[in-house]
Amino acid sequence: PAEGDWSIVREMIEGRLDLRRDGETVAELSDQVIYFHAWCKTCLTSLLNGKPGSWTQRPLLVLAGPHGCGKSRLQVSIINGLLGGRCANPKAFLTGKESFNANMVKAEHLMMEELDNVSQKMEERLAFGESVKALVANTGVTLRLMRTDPMTITPFWAASLSMNNDPDKLRSFPPLTPDFADKVIMLLVRRAALPMPTKTDEEKESLNSALAAQLPAYAHFLLNEFEVPTDLLTDDEGNDATRFGCRSYHHPALALELYDDTPSAELLVIIDAATFGDDKLKLWELPSASKHAGSVWEGSAIELEKLLTGDGDVTSSVKSEASRTSRFHSFPRLLARLREDRPDRVAQHRVNSGRRWQIGRPV
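Residues numbered from 1 in each chain as written. Predicted model: local features only at pLDDT ≥ 70, side-chain atom pairs only at ≥ 80, totals over all residues. Heavy atoms only, no water.

Q: Where do I start with the environment of Phe180 in this structure?
A: Among the secondary structure elements, Phe180 is positioned in helix α8 (residues 178–181). Once the C-alpha coordinates of Phe180 and Gly277 are considered, the two residues, 97 residues apart in sequence, prove to be 40 Å apart. Once residues within four sequence positions are removed from consideration, Phe180 is found in contact with Gly129, Val132, Lys133, Phe173, Pro174 and Pro175. (Helix = DSSP H or I, 4+ residues; strand = E, 2+ residues; numbered from the N terminus. Contact = heavy atoms within 4.5 Å.)

Set out below in structure tokens:
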């Protein structure tokens, strides 16, 4: 680290992550820029000051944006250079397609570009998420080499992923379940002109050289000038969030896309679309709903499943859709997930007869 000019590095970062820009520079940093700085500061501070077994844990940094927006360049030119220049792709190991991880152990930066050939099946996405959780949260890892007995080691790893924000591409990423979401920072990357021309090979080399030359000044800024804002040091409940350097962040557009693709979100769509009987009543308008008829339905998961699938005295407009969901998923499990993801719509309480669910009408 050395004090100096890092204007080109700054433009690379802010030009892609400050979504408020519209041709004019804004005075204060955007949330996304702050989270990028906070993640880099956590990684760099731990790398310089930590020791094996006591590294500060770091969440997975996801940079999602359209093709050609520069997300990979942020990984290669900024993050990789900041951490010393050694990188490895852990994708095959994380997806179970490769059991040996020697190449990962030789690198500080675990860098993935896109999730091509990664399954979009929900169970395999969840399994991939479990592998990522172990990667960023566990202190030790089993080193597996050919013709060598496995051993436990404690490497320094900082993991980043760049991917297209197209909905079809995002379907390979794990859903943001509560136990996974706090281990991920997801930033939306915008298209922006590079700080220097790159039409020729010589111009590309000039940009790469300029960025590399300014990384010591960026490192000095992170270590000596940038302070993680206090509101990033606690989560929404006020609990300490410094285990991973700062609280997690998911750009709303990316989080919504991932949420909409989950079975629990599909169930909520079915509930909202459902009408019952000849009068085409909504769920919360049924006479049997609750004392809050017209605004809240209350009942068991089995009662809800029977209503939606038309397995009773009342006809359902979503019989086929609900039956398909019921065939592949457990309604109690989906409702439990909705209670976590959408507490504004779904709640649960216990009575002598068991668990009762409350589903409110959409506002």
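Picking up after the structure, the text goes on.
Q: Any chance you could explain the pairing of strand β11 (residues 354–360) here in plain terms?
A: The sheet contact formed by strand β9 (residues 296–299) and β11 spans four bridges and is antiparallel. When the bridges of β11 are listed, Trp297 appears paired with Ile359. Alignment of strand β10 (residues 346–351) against β11, held across six bridges, turns out to be antiparallel. Bridge pairing links Val351 to Gly354 in β11. (Pairing = 2+ DSSP bridges.)

Q: I keep staring at the sheet that holds β11 and nothing clicks. Help me out?
A: Working definition: the strands of a sheet are paired by backbone hydrogen bonds and lie parallel or antiparallel to each other. Within the open sheet, the three strands sit side by side as β9-β11-β10. Their pairing is antiparallel. Two strands bound the open sheet, and with one partner strand each, they are β9 and β10. The average angle at which neighbouring strand axes cross in this sheet is 20°, direction not considered. Across the sheet, helix α14 (residues 331–341) lies against β10 and β11, angled at about 55° from β11, the strand it touches most. (Axes fitted to C-alpha atoms, helices over the stretch in contact; angles between N-to-C directions.)

Q: It is not clear to me how the pattern of salt bridges should be interpreted in this structure. Could you clarify?
A: Pairs can form between side chains of opposite charge whenever their charged atoms are close. Under the counting rule described, the total for this entry stands at 11 salt bridges. In this structure, Lys183 and Asp182 form a salt bridge, with 3.1 Å as the shortest nitrogen-oxygen distance. Between Glu303 and Arg356 there is a salt bridge, with the nearest N and O atoms lying 3.3 Å from each other. Of this pair, Glu303 sits in helix α12 (residues 301–309) while Arg356 sits in strand β11, and the two are 53 residues apart along the sequence. The class of Glu303 is partly exposed, set by a relative accessible area of 36%. (Salt bridge = Lys/Arg side-chain N within 4 Å of Asp/Glu carboxyl O. Buried < 20%, exposed > 50% of the residue type's maximum accessible area, 1.4 Å probe, protein only.)

Q: What is the right way to read the packing of helix α2 (residues 31–49) against helix α9 (residues 201–224) from this model?
A: The relative placement of two packed helices comes down to the angle between their axes together with the axis-to-axis distance. In contact at an axis separation of 9 Å, α2 and α9 are set at 90° when each is read in the N-to-C sense. Considering their axes alone, α2 and α9 lie roughly perpendicular with respect to each other. Across from Phe36, His37, Cys40, Lys41, Leu44, Thr45 and Leu48 in α2, the residues of α9 making contact are Tyr218, Ala219, Phe221, Leu222 and Leu223. Class assignment of the residues belonging to the contact of α2 with α9 gives a composition of nine nonpolar, two polar and one charged. (Parallel < 35°, antiparallel > 145°, perpendicular 65-115°, else oblique. Nonpolar A, V, L, I, M, F, W, Y, C, P; charged D, E, K, R; others polar.)

Q: Whenever I open this one, the packing of aromatic side chains confuses me. Can you help?
A: Each aromatic ring pair is summarised here by two numbers: the centre-to-centre distance and the angle between the ring planes. Following the criterion strictly, the structure yields seven aromatic pairs and no others. Consider the rings of Tyr35 and Tyr249, whose centres lie 4.7 Å apart with planes at 25°: the pair is stacked. Of this pair, Tyr35 sits in helix α2 while Tyr249 is found in strand β8 (residues 249–250), placing the two residues 214 residues apart along the sequence. Judged by its relative accessible area of 6%, Tyr35 is buried. Residue Tyr249 is classed as buried on the basis of its relative accessible area, which comes to 16%. (Phe/Tyr/Trp six-rings, centres within 6.5 Å; stacked < 30°, edge-to-face > 60°.)

Q: How should the environment of Lys204 be read in this particular structure?
A: You can see Lys204 is positioned in helix α9. On the basis of relative accessibility, which here comes to 38%, the residue Lys204 falls in the partly exposed class. Linking Lys204 and Arg20, residues 184 residues apart in sequence, is a C-alpha distance of 27 Å. Those residues in contact with Lys204, other than ones at most four positions away along the chain, are Pro197 and Thr198.

The values are spatial; any link to function lies outside them.
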